[in-house]
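# Results of the structural survey
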Amino acid sequence: MTKGVTFYFVRHGETYLNRLGRFQGWADAPLTPEGLEIVHQSGRGLADVKFDAVYTSDLGRTIKTAQILLEENHHSQDLTITPMPEFREVFFGYYEGLEAQSIWRDMIAETNHELGLPRDAGIQVEATMNKMKASDPTGLAENYLEFWQRVETGLLELLNRHAGSDQIILVVCHGLTIQNLIHGLVADFELGEPLANASVTTVKYLHGQFQLIAYNQTEHFKDMVDVMELL
(Lines give C-alpha, C1' and ligand atoms only; values in the text may rest on other atoms or scores of the structure.)
Protein backbone atom coordinates (compact mmCIF):
# COMPACT_ATOMS: atom_id res chain seq x y z
CA MET A 1 0.00 0.00 0.00
CA THR A 2 1.41 3.36 -1.03
CA LYS A 3 2.20 5.69 1.84
CA GLY A 4 1.70 9.43 1.73
CA VAL A 5 2.32 12.29 4.14
CA THR A 6 -0.18 14.56 5.87
CA PHE A 7 0.50 18.21 6.60
CA TYR A 8 -1.31 20.17 9.30
CA PHE A 9 -0.88 23.85 8.42
CA VAL A 10 -1.74 26.06 11.40
CA ARG A 11 -1.94 29.84 11.28
CA HIS A 12 -0.30 31.64 14.21
CA GLY A 13 -2.33 33.23 17.00
CA GLU A 14 -3.51 36.82 16.90
CA THR A 15 -0.77 39.46 17.30
CA TYR A 16 -1.00 43.13 18.19
CA LEU A 17 -0.46 44.09 14.54
CA ASN A 18 -3.36 41.79 13.64
CA ARG A 19 -5.48 43.48 16.30
CA LEU A 20 -4.61 46.92 14.93
CA GLY A 21 -5.33 45.92 11.34
CA ARG A 22 -1.79 46.52 10.09
CA PHE A 23 0.18 44.82 7.34
CA GLN A 24 2.31 42.16 9.01
CA GLY A 25 4.53 40.18 6.70
CA TRP A 26 8.15 39.99 7.76
CA ALA A 27 7.42 42.51 10.52
CA ASP A 28 6.66 40.71 13.77
CA ALA A 29 4.65 41.40 16.91
CA PRO A 30 3.88 39.44 20.09
CA LEU A 31 0.69 37.43 20.46
CA THR A 32 -2.10 39.19 22.31
CA PRO A 33 -3.49 37.59 25.49
CA GLU A 34 -6.50 36.52 23.45
CA GLY A 35 -4.16 35.21 20.77
CA LEU A 36 -2.32 33.10 23.33
CA GLU A 37 -5.57 31.65 24.66
CA ILE A 38 -6.97 30.76 21.24
CA VAL A 39 -3.75 28.88 20.44
CA HIS A 40 -4.13 26.95 23.68
CA GLN A 41 -7.69 26.10 22.66
CA SER A 42 -6.51 24.92 19.25
CA GLY A 43 -3.74 22.91 20.90
CA ARG A 44 -6.18 21.19 23.25
CA GLY A 45 -8.25 20.17 20.25
CA LEU A 46 -5.14 18.70 18.60
CA ALA A 47 -3.78 17.15 21.79
CA ASP A 48 -4.21 13.55 20.63
CA VAL A 49 -2.70 14.06 17.18
CA LYS A 50 0.72 12.41 17.09
CA PHE A 51 2.95 14.68 15.01
CA ASP A 52 6.20 13.28 13.66
CA ALA A 53 7.92 16.63 13.00
CA VAL A 54 7.22 20.33 13.60
CA TYR A 55 8.21 23.23 11.38
CA THR A 56 7.53 26.95 11.60
CA SER A 57 8.59 30.10 9.82
CA ASP A 58 11.50 31.85 11.51
CA LEU A 59 9.26 34.63 12.85
CA GLY A 60 8.51 34.81 16.56
CA ARG A 61 4.74 34.63 16.29
CA THR A 62 4.82 31.20 14.62
CA ILE A 63 7.49 29.82 16.95
CA LYS A 64 5.50 30.91 20.01
CA THR A 65 2.35 29.39 18.54
CA ALA A 66 4.13 26.07 17.92
CA GLN A 67 5.53 26.04 21.46
CA ILE A 68 2.01 26.38 22.88
CA LEU A 69 0.63 23.68 20.59
CA LEU A 70 3.33 21.31 21.79
CA GLU A 71 2.65 22.22 25.43
CA GLU A 72 -0.93 21.02 24.93
CA ASN A 73 -0.03 17.92 22.91
CA HIS A 74 0.05 14.47 24.54
CA HIS A 75 2.79 13.11 22.25
CA SER A 76 5.28 15.97 22.04
CA GLN A 77 8.03 14.74 24.36
CA ASP A 78 10.56 14.03 21.61
CA LEU A 79 9.59 16.80 19.20
CA THR A 80 11.69 19.86 18.43
CA ILE A 81 10.71 22.92 16.40
CA THR A 82 12.58 23.57 13.15
CA PRO A 83 12.21 27.20 11.96
CA MET A 84 12.41 27.74 8.20
CA PRO A 85 12.53 31.25 6.64
CA GLU A 86 10.96 29.79 3.50
CA PHE A 87 7.59 29.71 5.29
CA ARG A 88 7.52 33.42 6.20
CA GLU A 89 4.47 35.49 5.33
CA VAL A 90 4.35 37.53 2.13
CA PHE A 91 6.78 40.47 2.43
CA PHE A 92 4.88 43.75 2.03
CA GLY A 93 7.99 45.93 1.83
CA TYR A 94 7.15 49.64 2.18
CA TYR A 95 3.65 48.75 3.40
CA GLU A 96 4.77 46.76 6.45
CA GLY A 97 3.03 48.16 9.54
CA LEU A 98 0.64 50.41 7.59
CA GLU A 99 -3.15 50.22 7.87
CA ALA A 100 -4.09 47.21 5.77
CA GLN A 101 -7.78 47.20 4.89
CA SER A 102 -8.03 50.35 2.79
CA ILE A 103 -4.68 49.86 1.03
CA TRP A 104 -5.40 46.22 0.19
CA ARG A 105 -8.94 47.09 -0.96
CA ASP A 106 -7.58 49.78 -3.29
CA MET A 107 -4.91 47.42 -4.63
CA ILE A 108 -7.56 44.84 -5.48
CA ALA A 109 -9.81 47.45 -7.10
CA GLU A 110 -6.95 48.82 -9.22
CA THR A 111 -5.92 45.31 -10.22
CA ASN A 112 -9.48 44.42 -11.23
CA HIS A 113 -9.72 47.64 -13.25
CA GLU A 114 -6.50 46.84 -15.09
CA LEU A 115 -7.80 43.33 -15.81
CA GLY A 116 -11.16 44.65 -17.00
CA LEU A 117 -13.04 43.02 -14.11
CA PRO A 118 -15.82 44.45 -11.90
CA ARG A 119 -14.49 46.46 -8.97
CA ASP A 120 -15.92 43.93 -6.50
CA ALA A 121 -14.56 40.86 -8.32
CA GLY A 122 -12.82 38.19 -6.26
CA ILE A 123 -9.19 38.59 -5.30
CA GLN A 124 -6.77 38.07 -8.17
CA VAL A 125 -3.91 36.84 -6.00
CA GLU A 126 -1.02 36.90 -8.42
CA ALA A 127 -1.97 40.18 -10.07
CA THR A 128 -2.63 41.95 -6.76
CA MET A 129 0.72 40.91 -5.30
CA ASN A 130 2.42 42.06 -8.49
CA LYS A 131 0.54 45.37 -8.21
CA MET A 132 1.80 45.87 -4.66
CA LYS A 133 5.37 45.16 -5.78
CA ALA A 134 5.04 47.69 -8.62
CA SER A 135 3.53 50.30 -6.26
CA ASP A 136 6.18 49.91 -3.56
CA PRO A 137 8.53 52.94 -3.80
CA THR A 138 11.32 50.87 -2.22
CA GLY A 139 10.82 47.90 -4.54
CA LEU A 140 11.15 45.54 -1.57
CA ALA A 141 7.67 43.96 -1.56
CA GLU A 142 7.47 40.44 -2.95
CA ASN A 143 5.63 39.79 -6.18
CA TYR A 144 3.87 36.46 -6.62
CA LEU A 145 6.76 34.70 -8.35
CA GLU A 146 9.26 35.75 -5.67
CA PHE A 147 6.89 34.57 -2.95
CA TRP A 148 6.06 31.28 -4.66
CA GLN A 149 9.67 30.35 -5.40
CA ARG A 150 10.57 30.93 -1.75
CA VAL A 151 7.69 28.91 -0.30
CA GLU A 152 7.95 26.16 -2.91
CA THR A 153 11.60 25.68 -1.93
CA GLY A 154 10.51 25.03 1.66
CA LEU A 155 7.72 22.69 0.62
CA LEU A 156 10.03 20.65 -1.62
CA GLU A 157 12.45 20.30 1.28
CA LEU A 158 9.67 18.88 3.47
CA LEU A 159 8.59 16.50 0.71
CA ASN A 160 12.16 15.31 0.29
CA ARG A 161 12.29 14.55 4.00
CA HIS A 162 8.83 13.11 4.56
CA ALA A 163 7.07 12.04 1.34
CA GLY A 164 6.05 8.38 1.47
CA SER A 165 6.64 8.19 5.22
CA ASP A 166 2.97 8.03 6.29
CA GLN A 167 3.90 10.70 8.84
CA ILE A 168 1.89 13.64 10.14
CA ILE A 169 3.77 16.94 9.92
CA LEU A 170 2.86 20.15 11.74
CA VAL A 171 3.71 23.40 9.92
CA VAL A 172 2.92 26.62 11.78
CA CYS A 173 3.07 29.64 9.52
CA HIS A 174 0.93 32.49 8.17
CA GLY A 175 -2.48 33.23 6.69
CA LEU A 176 -1.54 34.30 3.17
CA THR A 177 1.27 31.76 3.05
CA ILE A 178 -1.15 28.91 3.75
CA GLN A 179 -3.85 30.27 1.44
CA ASN A 180 -1.45 30.77 -1.45
CA LEU A 181 0.11 27.36 -0.89
CA ILE A 182 -3.28 25.66 -1.08
CA HIS A 183 -4.23 27.80 -4.08
CA GLY A 184 -1.08 26.69 -5.86
CA LEU A 185 -1.25 23.01 -4.93
CA VAL A 186 -4.90 21.96 -4.86
CA ALA A 187 -6.88 21.85 -8.10
CA ASP A 188 -10.08 23.94 -8.23
CA PHE A 189 -9.37 25.63 -4.89
CA GLU A 190 -10.68 29.20 -4.76
CA LEU A 191 -9.64 31.72 -2.14
CA GLY A 192 -12.32 32.81 0.27
CA GLU A 193 -12.33 34.49 3.65
CA PRO A 194 -9.01 35.03 5.49
CA LEU A 195 -7.87 32.17 7.67
CA ALA A 196 -8.76 32.40 11.34
CA ASN A 197 -5.92 32.66 13.84
CA ALA A 198 -4.84 29.22 15.10
CA SER A 199 -7.04 27.52 12.48
CA VAL A 200 -6.00 24.21 10.93
CA THR A 201 -5.78 23.40 7.23
CA THR A 202 -4.96 19.77 6.47
CA VAL A 203 -3.48 18.49 3.21
CA LYS A 204 -2.45 14.96 2.20
CA TYR A 205 0.23 14.30 -0.42
CA LEU A 206 -0.21 10.94 -2.11
CA HIS A 207 0.63 9.62 -5.59
CA GLY A 208 2.15 12.98 -6.49
CA GLN A 209 -1.09 14.85 -5.78
CA PHE A 210 -2.21 17.17 -2.98
CA GLN A 211 -5.65 16.52 -1.51
CA LEU A 212 -7.35 19.09 0.73
CA ILE A 213 -8.77 17.34 3.81
CA ALA A 214 -9.84 20.33 5.92
CA TYR A 215 -9.65 24.09 5.45
CA ASN A 216 -9.69 26.89 8.05
CA GLN A 217 -10.89 24.46 10.72
CA THR A 218 -11.71 25.87 14.15
CA GLU A 219 -14.37 23.38 15.29
CA HIS A 220 -11.74 21.46 17.24
CA PHE A 221 -11.01 24.36 19.62
CA LYS A 222 -11.47 23.34 23.26
CA ASP A 223 -11.36 25.59 26.27
CA MET A 224 -10.33 24.36 29.70
CA VAL A 225 -13.94 23.70 30.75
CA ASP A 226 -14.33 21.33 27.78
CA VAL A 227 -11.17 19.49 28.79
CA MET A 228 -12.25 19.10 32.42
CA GLU A 229 -15.61 17.70 31.32
CA LEU A 230 -13.79 14.99 29.36
CA LEU A 231 -11.77 13.84 32.38
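Worth saying up front: this structure is predicted, and the values here are computed from it rather than measured.

UniProt's feature table lists "active site" (unreviewed entry) at His 12 and Glu 89, given in the numbering used throughout. In sequence the annotated residues extend across 78 residues, while in space they remain close, none of their C-alpha pairs exceeding 10.8 Å. In the annotated set above, the residues contributing to the lining of the largest pocket are His 12 and Glu 89. Topologically, His 12 is positioned in the loop between β1 (5-11) and α1 (16-19).

Moving on, we come to the side chain of Thr 202. With respect to the helices and strands, Thr 202 occurs in strand β5 (residues 200-206). Of the residues examined, Thr 202 reaches a relative accessible area of 6% and is grouped as buried. Excluding anything up to four places from it in sequence, Thr 202 contacts Thr 6, Phe 7, Tyr 8, Gln 211, Leu 212, Ile 213 and Ala 214.

Attention now goes to unusual backbone geometry. With a phi angle near 65°, Asp 166 is a residue other than glycine that sits in the positive phi range. By the secondary structure assignment, Asp 166 is in the loop between α6 (144-162) and β4 (168-173). Non-glycine residue Asn 216 carries a positive phi angle of around 55°. Looking at Asn 216, the relative accessible area reads 23%, which means it is partly exposed.

This part is about the packing of helix α2 (residues 33-45) against helix α3 (residues 60-72). Running from N to C, α2 and α3 point in directions that differ by 45°, and their axes come no closer than 8 Å. The angle between the axes of α2 and α3 places the two elements in the oblique class. Crossing of α2 against α3: the hand is right-handed. Contact residues: Leu 36, Val 39, His 40, Ser 42, Gly 43 and Arg 44 in α2; Lys 64, Thr 65, Ile 68, Leu 69, Glu 71 and Glu 72 in α3.

With that out of the way, let us pick up the UniProt feature "binding site: substrate" (unreviewed entry) in the protein. Listed under "binding site: substrate" (unreviewed entry) in the UniProt record, and renumbered for this structure, are Arg 11, His 12, Gly 13, Glu 14, Thr 15, Tyr 16, Leu 17, Asn 18 and Arg 61. Within the annotated group, the residues that form the lining of the largest pocket are Arg 11, His 12, Glu 14, Leu 17, Asn 18 and Arg 61. Residue placement: Tyr 16 occurs in helix α1. Judged by relative accessible area, Tyr 16 falls into the partly exposed class, the value being 41%. Aside from chain neighbours lying at most four places away, what touches Tyr 16 is Ala 29, Pro 30, Leu 31, Thr 32 and Pro 33. Among the secondary structure elements, Arg 61 is positioned in helix α3. Owing to a relative accessible area of 2%, Arg 61 belongs among the buried residues under this scheme. Aside from chain neighbours lying at most four places away, what touches Arg 61 is His 12, Thr 15, Gln 24, Gly 25, Ala 27, Asp 28, Ala 29, Leu 31, Glu 89 and His 174. In this structure the side chain of Arg 61 is engaged in a polar contact, spanning 2.8 Å, whose partner is the side chain of Asp 28.

Conventions we followed
- Residues numbered from 1 in each chain as written.
- Predicted model: local features only at pLDDT ≥ 70, side-chain atom pairs only at ≥ 80, totals over all residues.
- Heavy atoms only, no water.
- UniProt positions renumbered as here; feature names shortened; annotations may be inferred.
- 1 Å grid on protein atoms, 1.4 Å probe; cavity = no way out; pocket = protein on both sides within 12 Å on 5 of 7 lines; lining within 4 Å.
- Helix = DSSP H or I, 4+ residues; strand = E, 2+ residues; numbered from the N terminus.
- Buried < 20%, exposed > 50% of the residue type's maximum accessible area, 1.4 Å probe, protein only.
- Contact = heavy atoms within 4.5 Å.
- Axes fitted to C-alpha atoms, helices over the stretch in contact; angles between N-to-C directions.
- Parallel < 35°, antiparallel > 145°, perpendicular 65-115°, else oblique.
- Left-handed = near helix turned anticlockwise from the far one by under 90°.
- Polar contact = N/O pair within 3.5 Å; in protein donor to acceptor, adjacent residues only side chain to side chain.

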